[in-house]
Amino acid sequence: MSLVPIVALGFILARVIQAQVVSRALSDADQSAQLIARIGIQPRLTPHDLRYGLSAAGVRSLDDQLRARSVTQDLARIKIWNTKDQVIYSDDHGLIGRTLAPSDDLLNALAGRPNDAEVVTPSPHTETASEVGLGQLVEVYVPLRFAATGPPAGVFEIYLSYRPIAAALTRNKRMIALLVAIGLALLWSILYRIVARASRRLRQQADLNDRLARYDQLTGLPNRTLFIEGIEDAVAHSKRRPGTFAVLLIDLDRFTEINNTLGTANGDLVLCEIAHRLRSSVQDDALVGRLAGDGYAVLVHGAQGIPDALSAAAAIQASFEPTIVLDDVEVSVEASIGIAVMGEHADAPNALLQRADTALAHARSRHSPIEVYSPELDQFDAPRLTLLSEVRGALGRGEFILEYQPQIELPGGRIIGVEALVRWHHPEHGVLAPPRFIPLIEQTALIGPLTLALIDQALGQLVTWRKLGIDVQMSVNLSARNLIDAELPQQVAEILERHRVAPDRLVVEVTESAAMDDPHRAVAVLAALRDSGIGVSVDDFGTGNASIEYLAKLPASEIKIDRSFITDILDDPRSEAIVRSTIDLARNLGLTVVAEGIETAAVLRHLTALGCDIAQGYYISRPQPPERLTAMLSGSSESRSSLSSTSSATPKLTRV
Ligand code: C2E
Ligand code: CA
Ligand code: CA
């Protein structure tokens, strides 16, 4: 296709050059006519000859001159005119002495304005009848002057043969065609090269983009997309030629802590080092990828299934053993590995990944380095999946109902708040506790609508109590997934407004680990909630791995010490120390301290002595349906005296 314009260009170029050559040839002809006239003939003429005509001797002399051909070789015909339109000489002697009707060209030349040389083909109808039969001629009029100025005394009408010009033109034409062709071929090859180079560069860029989209930029390892393609390939391959492979998912422990304490730049170094160790600890044909954050994956080929996968996992764990030194700090990296084997645990790429993920989750929760998938571990087994499929309907049917557990002020014992805890009133399975369904729903987007519905329910209850003259603070629990929902603060604000409840009546509880899943987004969501006046409580405090610096960055208003420390505070000095220092820390950060899981009077007394602000637990009250709590809440001023005294052995208010 690119040749078409080039050929068209060549055609035009050839035409233009051709025209140039013709005009050049004509101007050459013009000059030789001038030469013939001025040098060859004019010296033999006098003004007298022109006025009165040539003598016979004069005519002869001119004939001789023309015959000599020294100057006049291309001359075909010649006439010499005087100003009275009379031919005073012509090589055609029959014309000499005749007066003829002048042509326009002749008149112009007589006026001193000769035209450019012209190619003519004389026909019998024109006055140049004597030229007829000579073929194409070049016609030139040359004014004849004896003085430098003034009008011409006559005109030479000269006809040169066109044949030499035509021959030269044909020669030139071939030359031009050849040159143009060579030039254009050259041009085309240059253009072709430029275009080829540009398109090669574009292709390279496209390859690079493709590569960037499929490789993790930090470590250079294949990303999730490419890794999944790798599994797909391996599945396709193993179906054609039975062989087995395993998918290993690897998750670093406490990576967030490394990031938070040593900075993200060091965190990146750790991720790269881990990538390097992974690569060098597995066989060359293994596929190593980074799927997300601190999550890696390895596809191991092996004939023996689980045993091969286990030995690969062991080699990976061994490669993590040497500490990584960063800024003189020795960082020890530990990881959990989950394994699923093709054919044994699943046959499809997604199912394999999911099963490996299940095994990994199990490894993490048990703090074990390596777990192989087994159906008992499966979070996605049939009964659970059914439960999950029922959630949406259950939401619509109002099967999620809150119970409330009171929180009392220390010292004093006045009920100042309640924590809303959800129960699923399932038509078949009866009342389900949150650990049965919350972790499931948390894995889906349904946790958003559920949380909002529960906040709505809790605030509705708050309004009911307010109408009875009961004023308490309402704590609700948020999930990790709620914390990455940037719209949550606005949605909560709308619910508050709808119920006309002041933001400071609401507290959201989030666990340390939930806030650390995606610290940046979590902090943004929590800060927005806190800014609007809502309380933020760090739940299960002490169980996560959050660093003090990170905690200080959390926009919290309250810390809730985890139940495990409270339960054995009297028996385990370490628990006691943790509670004591948490209370200190909260004091320093200006936060309220809540102790939950108080099951005995002794524990309550001890916590009061340590300076804890708020208490919650079965000893004070179990979580209850709202109706059963109403009486207790309206009587809370009464119960204050009974719980306030830390010395009283048994408070009057006991478990309901
Ligand atoms: P959590 O936020 O730590 O809630 C406290 C849990 O401890 C509740 O269990 C409560 O019944 C229990 N508890 C309270 N006092 C005592 C005590 O003295 N001794 C003992 N052994 N336990 C006590 P529950 O209601 O089964 O809730 C379990 C978890 O489920 C909650 O832990 C919370 O993480 C989650 N959860 C509950 N309701 C919701 C909710 O509405 N949304 C979300 N996202 N999570 C919820
Ligand atoms: Ca809670
Ligand atoms: Ca808790």
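One can find the structure itself at the top, above this paragraph.
Residues numbered from 1 in each chain as written. Chains lettered and ligands numbered in written order. Predicted model: local features only at pLDDT ≥ 70, side-chain atom pairs only at ≥ 80, totals over all residues. Heavy atoms only, no water.

### Considerations on the overall build of the protein chain
Right, on to step 1. What the protein chain contains, in helices and strands, is 22 helices and 21 strands.
Right, on to step 2. For the protein chain, whose C-alpha radius of gyration is 53 Å, the value lies well above the compact-globule estimate of 26 Å for 656 residues.
Right, on to step 3. In the protein chain, buried positions account for 46% of the 656 residues.
Right, on to step 4. Contacts in the protein chain between residues far apart in sequence, at least 24 positions, make up 66% of those at least 6 positions apart.
Right, on to step 5. Total accessible area on the protein chain stands at roughly 33,000 Å², and carbon and sulfur atoms take up 54% of it.
Right, on to step 6. The average position of the 62 basic charges and that of the 78 acidic charges among the side chains of the protein chain differ by 10 Å. (Helix = DSSP H or I, 4+ residues; strand = E, 2+ residues; numbered from the N terminus. Rg over C-alpha atoms; globule rule 2.2 N^0.38 Å. Buried < 20%, exposed > 50% of the residue type's maximum accessible area, 1.4 Å probe, protein only. Contact = heavy atoms within 4.5 Å. Areas by Shrake-Rupley, 256 points an atom, 1.4 Å probe, with all protein chains shown as cover. Lys, Arg positive; Asp, Glu negative; His and termini not counted. Charge placed at Lys NZ, Arg CZ, Asp CG, Glu CD.)

### Let's talk about the coordination of the calcium ion (ligand 2)
Right, on to step 1. Each protein donor to the calcium ion (ligand 2) is listed here as E419 (OE), N477 (OD1), E509 (OE) and D539 (OD); together their distances run 2.0 to 2.3 Å.
Right, on to step 2. One chain supplies every donor for the calcium ion (ligand 2), spaced along it as E-x57-N-x31-E-x29-D.
Right, on to step 3. A gap of 4.0 Å separates the calcium ion (ligand 2) and the calcium ion (ligand 3), which D539 links by coordinating each metal. Placement of the pair is E419 in strand β14 (residues 415-426) and N477 in strand β16 (residues 473-477), with a sequence separation of 58 residues. (Donors = N, O, S within 2.8 Å, 3.2 Å for Na, K, Ca; no water.)

### Things to note about the pairing of strand β7 (residues 287-292)
Right, on to step 1. The pairing of β7 with strand β8 (residues 295-301) spans five bridges and is classified as antiparallel. Each residue of the ladder has a partner; that of R290, found in β8, is Y296.
Right, on to step 2. The hairpin formed by β7 and β8 contains two residues between the paired strands, and G293 there has a positive phi angle of roughly 35°. (Pairing = 2+ DSSP bridges.)

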